[in-house]
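Given next are the chains, with one letter for each unit.
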Amino acid sequence: MQIRNIIRAVAAAAFLMFSGLAAAATTPTGSITLSQPGNSPGVNNTFINGPAANTVDALASGVSNFVSGGSSGNAGLNFNRYALGKGTGAAAAPGAPQWNVWGAYSHTNVGYDYAPLSSAGNVKIYLAGVDYTFSNNVVFGVATAFDHMNTDLNFSAGKLDGSGYTISPYVGMLINKNISLDATIGFGRTDIDTSTSGVTGSTHSNRTIGALGLSYREAFGAWTLTGRGAILGVHNNLGSYTLSDGTPVAAATSNLAQIRLMGQAAYTYKQFTPYVSISYINDINRPDQAPISGIPASNDRDGWLPAVGVRFRAENMIYGSVQYSSERGRSQITNNMFLFNVGFRF
């Protein structure tokens, strides 16, 4: 009963977050003003909200994998866990303890090709978590993510940098041998610095993220087929601040909510499990970028995310996975993500 209440609380919080509608934004003119993320929804969506959505999606998919078999499962959903305690190994292996830890690293190259706001950069995210597996097929844990953003605002010869953290409780429940439910919610902060033509500014973003997902797996010999549907959201509150030239910048709120549908095929051969997947992404709630100097932004609301990866193990001591994904279908957005983790049995 306690676990059900936890799931209901997480689901309710995520639903309330997703249900809010972002206010329409008017884009001011001037390169220094446009260099501020709260004044340029396209920049904010691309470099702040987008990578956060990718992170919560990867985390939620990992939780789904944990509850379905952890590192010993062959679904290829990115993260490996390692059991804590004497004589342990991959989590969910026979006789493994119920406490588990895991870690991962992602590097995303991001670009915004809308000419009046042309920008490019990268986002690095370090993830680590610890969880407990209950005897009734429920996993409950907490993950911590540290993010670092580095962006060149080419349109203004400026910079947009940030670093922060997010703490995310998560829960996963195995409904039967094929179907699992997962819920994730997180709270964090990113400190943001801007610099354009010698004018600097500093602010912070208080962030809430969340995801609800349902996954289905079916094994056919060495093959594992996975289908997954999820709704996820990112809510950012950017604080007000004053630029070094005395210009005030108002506070801003930004919401992104997405539906993601994923299909994946994995094949296990000896110590390797290569896999491929394709995801459909639809932005059901997001502020659009207003035209600048009469030039409209594409504001594409859906795209496709193909991914390829491999899980591996060596001599029952080293476990890990590598994944690369590249979003397609958004004409002015570049979103290429590399996800990696490795661990040692102890």
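The following paragraphs examine the structure supplied in this document. Quick caveat, the model's predicted, so the values are computed rather than measured.

Some words on the nonpolar core
Thinking step 1. If you look at the biggest cluster of nonpolar residues, it comprises 32 residues, and the most contacted ones within it are Val43, Trp102, Tyr112, Leu117 and Tyr170.
Thinking step 2. Listing elements by their share of this core, those giving two or more residues are helix H3 (41-67), strand E2 (99-112), strand E3 (119-134), strand E4 (138-153), strand E5 (158-174) and strand E15 (333-344).
Thinking step 3. With eight residues, H3 is the single largest residue contributor to this core.
Thinking step 4. If we skip the residues at most four places from it in the chain, valine 43 touches Ile48, Tyr112, Leu117, Leu153, Leu160 and Gln289.
Thinking step 5. Formed by nine residues, the second largest nonpolar core is a distinct cluster that contains Ala53, Ile209, Ala211 and Leu232.

Regarding the environment of valine 67
Thinking step 1. Mapped onto the secondary structure, valine 67 falls in helix H3.
Thinking step 2. Note on valine 67: relative accessible area 10%, which makes it buried.
Thinking step 3. Counting along the chain gives 104 residues from valine 67 to valine 171, while the straight-line C-alpha distance between them is 8.9 Å.
Thinking step 4. When neighbours within four sequence positions are excluded, valine 67 is seen to be in contact with Asn137, Val139, Gly172, Met173, Leu174 and Ser180.

Quick word on empty space enclosed by the protein
The method is simple in principle: a probe with the dimensions of a water molecule rolls over the atoms, and the space it marks as empty is what remains.
Thinking step 1. Counted by the stated rule, this structure contains five cavities of 30 Å³ or more.
Thinking step 2. The calculated volume of the largest cavity comes to roughly 340 Å³.
Thinking step 3. In this structure, the largest cavity is lined by 24 residues; those nearest its centre are Asn45, Thr46, Asp283, Arg330 and Ile333.
Thinking step 4. Of all the secondary-structure elements, those providing two or more residues to the lining of the largest cavity are H3, E2, strand E11 (252-267), strand E12 (272-285) and E15.
Thinking step 5. Considering each element in turn, the lining of the largest cavity owes the most residues, six residues, to H3.
Thinking step 6. For the lining of the largest cavity, the class distribution of residues is six nonpolar, 12 polar and six charged.

Remarks on the side chain of serine 326
Thinking step 1. With respect to the secondary-structure elements, serine 326 resides in strand E14 (residues 318-326).
Thinking step 2. Within the structure, serine 326 has its side chain in polar contact with the side chain of arginine 328 (distance 2.5 Å).
Thinking step 3. Among the polar contacts made by the side chain of serine 326, one reaches the side chain of asparagine 336 at a distance of 2.5 Å.
Thinking step 4. Setting aside its immediate chain neighbours within four residues, serine 326 contacts Trp304, Leu305, Pro306, Asn335 and Asn336.

Considering the side chain of serine 106
Thinking step 1. In this fold, serine 106 is placed in strand E2.
Thinking step 2. Every residue in contact with serine 106, bar those within four places of it in the chain, is listed here: Val123, Lys124, Ile125, Met337, Phe338 and Leu339.

Some points on the environment of glutamine 289
Thinking step 1. Relative to the helices and strands, glutamine 289 resides in the loop between E12 and strand E13 (302-314).
Thinking step 2. For glutamine 289, a relative accessible area of 3% puts it in the buried group.
Thinking step 3. Considered as a pair, glutamine 289 and leucine 117 are 172 residues apart in the sequence and their alpha carbons are 10.0 Å apart.
Thinking step 4. From its side chain, glutamine 289 meets the backbone nitrogen of glycine 42 in a polar contact 2.8 Å long.

Brief notes about a nonpolar patch on the surface
Thinking step 1. On the surface, Val276, Val308, Tyr324, Phe338, Phe340 and Val342 cluster together to form a nonpolar patch covering roughly 480 Å² of accessible area.
Thinking step 2. On the secondary structure map, valine 308 appears in strand E13.

Parameters and conventions
- Residues numbered from 1 in each chain as written.
- Predicted model: local features only at pLDDT ≥ 70, side-chain atom pairs only at ≥ 80, totals over all residues.
- Heavy atoms only, no water.
- Core = buried A, V, L, I, M, F, W, Y, C linked by side-chain atoms within 4.5 Å.
- Buried < 20%, exposed > 50% of the residue type's maximum accessible area, 1.4 Å probe, protein only.
- Helix = DSSP H or I, 4+ residues; strand = E, 2+ residues; numbered from the N terminus.
- Contact = heavy atoms within 4.5 Å.
- 1 Å grid on protein atoms, 1.4 Å probe; cavity = no way out; pocket = protein on both sides within 12 Å on 5 of 7 lines; lining within 4 Å.
- Points joined across faces, edges and corners; volume = space filled by probe spheres on them.
- Nonpolar A, V, L, I, M, F, W, Y, C, P; charged D, E, K, R; others polar.
- Polar contact = N/O pair within 3.5 Å; in protein donor to acceptor, adjacent residues only side chain to side chain.
- Patch = residues over 30% accessible without salt bridge, like charges linked within 9 Å, V, L, I, M, F, W, Y side chains within 5 Å.
- Areas by Shrake-Rupley, 256 points an atom, 1.4 Å probe, with all protein chains shown as cover.
- Salt bridge = Lys/Arg side-chain N within 4 Å of Asp/Glu carboxyl O.

Any functional reading would require information beyond the geometric quantities listed.
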